[in-house]
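Report on the structure
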Amino acid sequence: MLPREFVEYAAEFTLGFLATVRDGIPSIELVEFEAKPEYILIRDMRKDGVACLVFANERYSENSKMAQVTGELVMEGGECRLIPQRAYWTYPFSLSSYPREIVRRWRRR
Amino acid sequence: MIPRELEELLTQIRTPVILATAGEEPHATPMNWFYDGDFWISPAGGTRKIRNMRKNKNVCIACLENMHPGGRGFILWGRIEEMETGFLAFLRHAFILKSMLEKKSSIGVGIKLLRYARIYAGHPSIKYSALPWKRYFVKIRILRGRYWQNRERHGEKEFTME
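Computed from a predicted model, the values in this text were never measured in an experiment.

Observations concerning the side chain of B:Arg72
Residues and elements named next belong to chain B. Checked against the element boundaries, arginine 72 lands in the loop between β5 (58–64) and β6 (73–85). Given the relative accessible area of 18%, arginine 72 is considered buried. Among the polar contacts made by the side chain of arginine 72, one reaches the side chain of glutamine 12 at a distance of 2.8 Å.

A few points about the interface of chain B and chain A
The interface of chain B with chain A comprises 47 residues on the first partner and 38 residues on the second. Both sides of the chain B and chain A interface together cover about 3,400 Å² of buried area, and 70% of this is carbon and sulfur. Per-residue buried area on chain B facing chain A is highest for B:Pro26, B:Tyr116 and B:Ile119; these three make up 18% of the total on that side. Counting across the chain B and chain A interface gives one salt bridge. A salt bridge links A:Arg86 to B:Glu25; the shortest N-O distance between them is 2.4 Å. Looking at the side of chain B that touches chain A, the elements with two or more residues in it are β1 (17–22), β2 (26–31), β5, β6 and α5 (111–122) of chain B. In the side of chain B that touches chain A, the residues fall into 27 nonpolar, 12 polar and eight charged.

Side note on the environment of B:Cys63
Summarising the element assignment, B:Cys63 is placed in strand β5. Put simply, B:Cys63 and B:Ile18 are 45 residues apart on the chain and 6.2 Å apart in space, counted from C-alpha to C-alpha. Excluding anything up to four places from it in sequence, B:Cys63 contacts A:Phe17, B:Ile13, B:Thr15, B:Pro16, B:Val17, B:Arg72, B:Gly73, B:Phe74 and B:Trp148.

A few points about the packing of aromatic side chains
For the structure on display, the rule yields 10 aromatic pairs over all chains. Their ring planes at 80° and their centres at 5.5 Å tell us that A:Tyr9 and A:Tyr91 sit as a pair that is edge-to-face. Of this pair, A:Tyr9 sits in helix α1 (residues 4–10) while A:Tyr91 is found in the loop between β6 (79–90) and β7 (103–107), placing the two residues 82 residues apart along the sequence. The two residues A:Tyr9 and A:Tyr91 agree in class, both being buried. Through a chain of ring-to-ring contacts, the aromatic side chains of A:Phe6, A:Tyr9, A:Phe13, A:Phe33, A:Phe55, A:Trp89 and A:Tyr91 assemble into a single cluster. The ring of A:Tyr39 has A:Arg81 lying over it, and the distance from NZ or CZ to the ring centre is 4.2 Å. Lying over the aromatic face of B:Trp77, B:Arg144 brings its terminal NZ or CZ to 4.4 Å of the ring centre.

How each quantity is defined
- Residues numbered from 1 in each chain as written.
- Chains lettered and ligands numbered in written order.
- Predicted model: local features only at pLDDT ≥ 70, side-chain atom pairs only at ≥ 80, totals over all residues.
- Heavy atoms only, no water.
- Helix = DSSP H or I, 4+ residues; strand = E, 2+ residues; numbered from the N terminus.
- Buried < 20%, exposed > 50% of the residue type's maximum accessible area, 1.4 Å probe, protein only.
- Polar contact = N/O pair within 3.5 Å; in protein donor to acceptor, adjacent residues only side chain to side chain.
- Contact = heavy atoms within 4.5 Å.
- Buried area = accessible area lost by both parts, 1.4 Å probe.
- Salt bridge = Lys/Arg side-chain N within 4 Å of Asp/Glu carboxyl O.
- Nonpolar A, V, L, I, M, F, W, Y, C, P; charged D, E, K, R; others polar.
- Phe/Tyr/Trp six-rings, centres within 6.5 Å; stacked < 30°, edge-to-face > 60°.
- Lys NZ or Arg CZ within 6 Å of the ring centre and 35° of its normal.

See below:
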């Protein structure tokens, strides 16, 4: 299960970039998604195989929020689900004090 | 030739791009970028995307202005033409880096950037080096792509480079 902290973080976002690879060529599609504890629902998509979902805000450097989830796309129950294997996500921080954390990581056990 | 409309987007948009590379599996992250007739990115050294790009020169780049669903944007496919790192590469491409920071973001070059780099480079949760001379400067040759001004109203336009 994805950490609750990640699911809450992802709830702020609805739009992501889904990267897949075919014949050695990477491709990106803009997708709508919803993070659930067990999987990430990718809307209007029919695809399977390994994929990497990225979502982010529009900011750079210390104001940036971004997350990356790598896993397996599966069609189940009529919907496309990304079953996460690992994820990381970043927190914005202030330059005026040393941040306790910038990046959080999770890996399926 | 890159379509004029796309060239305008590449000049005007200031939102980070998402760069996808292919290793044993797909990998994608937001990136600083700049376009001056050539498409440039400058990833930090020691990252998975660098390892991927060393083995496979195919990349895909996507951008959505302000990360807003109605924003202008593009998805481009290309190949790496140049990839350099080290202190000399940093000096040679300092103008590209400065342009990325000033024209494509609100970071700019100044004390704030140094403070950011100092925190980021030494933070225990960061596994790669953010030091300027360990950056890579990567020039990408655009091969084909899609772009849009208002996707809902006008759809996307496609192009292939001759």
